[in-house]
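Chain by chain, the residues:
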Amino acid sequence: MTENTEPSVATGGTGHCEVHDEQYHLLSASLTDLLDQEEFQNWSKRTTEASRDIESDCPYSEKNMKTFIDYFQIPRETFEEYCNSRWDSLHNIDLLYSDDMEAIEAYYRDVEKRQITHNKQESFHRVKTNLINKYHNIQEIIAKSDEEKTDVETEVEFHQKISMFRIIQLFQPDRAIIDEIIQQEKEEFYWNSNHYDYQFDLVYNEDGTLKDFTIDPDKTVVELDAQFAGVDNFFTDY
């Protein structure tokens, strides 16, 4: 899994469209680099112009993830791989690959519910980062050259690249340490009441000692973290 630093190449989102979740109009290089760039630019220009001619409360009504998938015939497998490599992509894949435009619109227009999931994910990110920082200072790791970093430092440099299961496996913290980190996160970000119900029974015994657990090698970091968070997937949870 790579850090989410790639540029966005399509306009839209909460800064421009006030009626849809930002992900509905956001296309990243991870997807568009797979296409003929001239054809993509022509599509982008054409859909932008078409959106201006349609009476809608959405300024990008013709340029969104659904029209993009349909026009370029993006295989579902490719799109699922894209979503599972990006923590910040919140998509209802079943809906996008259906013809139910009413349901698709309802899903991406329910910005309040989408924001709840965003809040939960951001909280989980902070917990992972703070747990790593308990043992390694991430900013100090980032400042090092690749040659200076240990194998563990390279692995934990970015929380997006490592699952909570692996962090616990590496550092074997007492359950009480994670509880304390979670409580501190909740106190610092007191305005956020949205949190996952972490599945500690997957890695800890009732007395708080660590289980001898294994990590499924066939699951991505996003899928593993969804399992730890107690949801089927991060894209439809709210």
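Residues numbered from 1 in each chain as written. Predicted model: local features only at pLDDT ≥ 70, side-chain atom pairs only at ≥ 80, totals over all residues. Heavy atoms only, no water.

1. Some remarks on the nonpolar core
Logical step 1: Membership of the largest hydrophobic core comes to 52 residues, with the highest contact counts inside it found for Met65, Phe68, Phe79, Phe124, Ile168, Phe228 and Phe234.
Logical step 2: Considering every element that reaches this core, the biggest residue donor is helix H12 (residues 221-229), with six residues.
Logical step 3: Apart from the residues lying within four places of it in its own chain, the contact partners of Ile168 are Leu131, Pro173, Ile178, Val203, Tyr204, Leu210, Phe213 and Phe228. (Core = buried A, V, L, I, M, F, W, Y, C linked by side-chain atoms within 4.5 Å. Buried < 20%, exposed > 50% of the residue type's maximum accessible area, 1.4 Å probe, protein only. Helix = DSSP H or I, 4+ residues; strand = E, 2+ residues; numbered from the N terminus. Contact = heavy atoms within 4.5 Å.)

2. Quick look at the side chain of Asn64
Logical step 1: Relative to the helices and strands, Asn64 resides in the loop between helix H2 (37-52) and helix H3 (65-72).
Logical step 2: Assessed through its relative accessible area of 3%, Asn64 is described here as buried.
Logical step 3: Within polar-contact distance, the side chain of Asn64 engages the backbone nitrogen of Thr67 at 2.8 Å.
Logical step 4: Sequence-distant contacts of Asn64, defined by excluding residues within four places in its chain, comprise Tyr24, His25 and Trp43. (Polar contact = N/O pair within 3.5 Å; in protein donor to acceptor, adjacent residues only side chain to side chain.)

3. Some remarks on the confidence of the model for the protein chain
Logical step 1: For the protein chain, the average pLDDT comes to 88, and 93% of its residues sit at 70 or higher.
Logical step 2: The element-level mean pLDDT for the protein chain is lowest in helix H1 (residues 29-32), coming to 84, with helix H10 (residues 164-171) highest at 97.
Logical step 3: In the predicted structure, residues 1-15 sits below a pLDDT of 50 and forms 43 contacts with residues beyond four places in sequence or in another chain. (pLDDT = per-residue confidence, 0-100.)

4. Considering the pattern of salt bridges
Logical step 1: A full pass over the atoms with the stated rule returns 13 salt bridges.
Logical step 2: Note that Arg76 and Asp94 form a salt bridge whose closest N and O atoms lie 2.5 Å from each other. Of this pair, Arg76 sits in helix H4 (residues 76-83) while Asp94 is found in helix H5 (residues 93-96), placing the two residues 18 residues apart along the sequence.
Logical step 3: According to the relative accessible area criterion, Arg76 is partly exposed, its value standing at 33%. (Salt bridge = Lys/Arg side-chain N within 4 Å of Asp/Glu carboxyl O.)

5. Considerations on the packing of aromatic side chains
Logical step 1: Tallied over the full model, the rule gives 22 aromatic pairs.
Logical step 2: Each ring, one from Tyr24 and one from Tyr108, has its centre 4.5 Å from the other, and the planes form 20°; the classification is stacked. Of the two residues, Tyr24 is situated in the segment before H1 and Tyr108 in helix H6 (residues 101-109); the sequence distance between them amounts to 84 residues.
Logical step 3: Aromatic pair Tyr198 and Phe228: ring centres 5.9 Å apart, planes at 40°, arrangement tilted. Linking Tyr198 in the loop between helix H11 (175-188) and H12 with Phe228 in helix H12, this pair joins segments that are 30 residues apart in sequence.
Logical step 4: Taken together through their ring pairs, the aromatic side chains of Phe124, Phe165, Tyr196, Tyr198, Phe200, Tyr204, Phe213 and Phe228 make up a single cluster.
Logical step 5: The ring of Phe124 carries the charged tip of Lys128 above its face, separated from the ring centre by 5.7 Å. (Phe/Tyr/Trp six-rings, centres within 6.5 Å; stacked < 30°, edge-to-face > 60°. Lys NZ or Arg CZ within 6 Å of the ring centre and 35° of its normal.)

6. Some thoughts on the packing of helix H7 (residues 111-133) against H11
Logical step 1: At a minimum axis separation of 10 Å, H7 and H11 run at an interaxial angle of 130°. Of the possible angle classes, the one that applies to H7 and H11 is oblique. Here H7 runs over H11; the crossing is right-handed. On the side of H7, the interface is formed by Ser123, Arg126, Val127, Asn130 and Leu131, while H11 contributes Ile177, Ile178, Ile181, Ile182 and Glu185.
Logical step 2: Considering only residue class, the contact of H7 with H11 consists of six nonpolar, two polar and two charged. (Axes fitted to C-alpha atoms, helices over the stretch in contact; angles between N-to-C directions. Parallel < 35°, antiparallel > 145°, perpendicular 65-115°, else oblique. Left-handed = near helix turned anticlockwise from the far one by under 90°. Nonpolar A, V, L, I, M, F, W, Y, C, P; charged D, E, K, R; others polar.)

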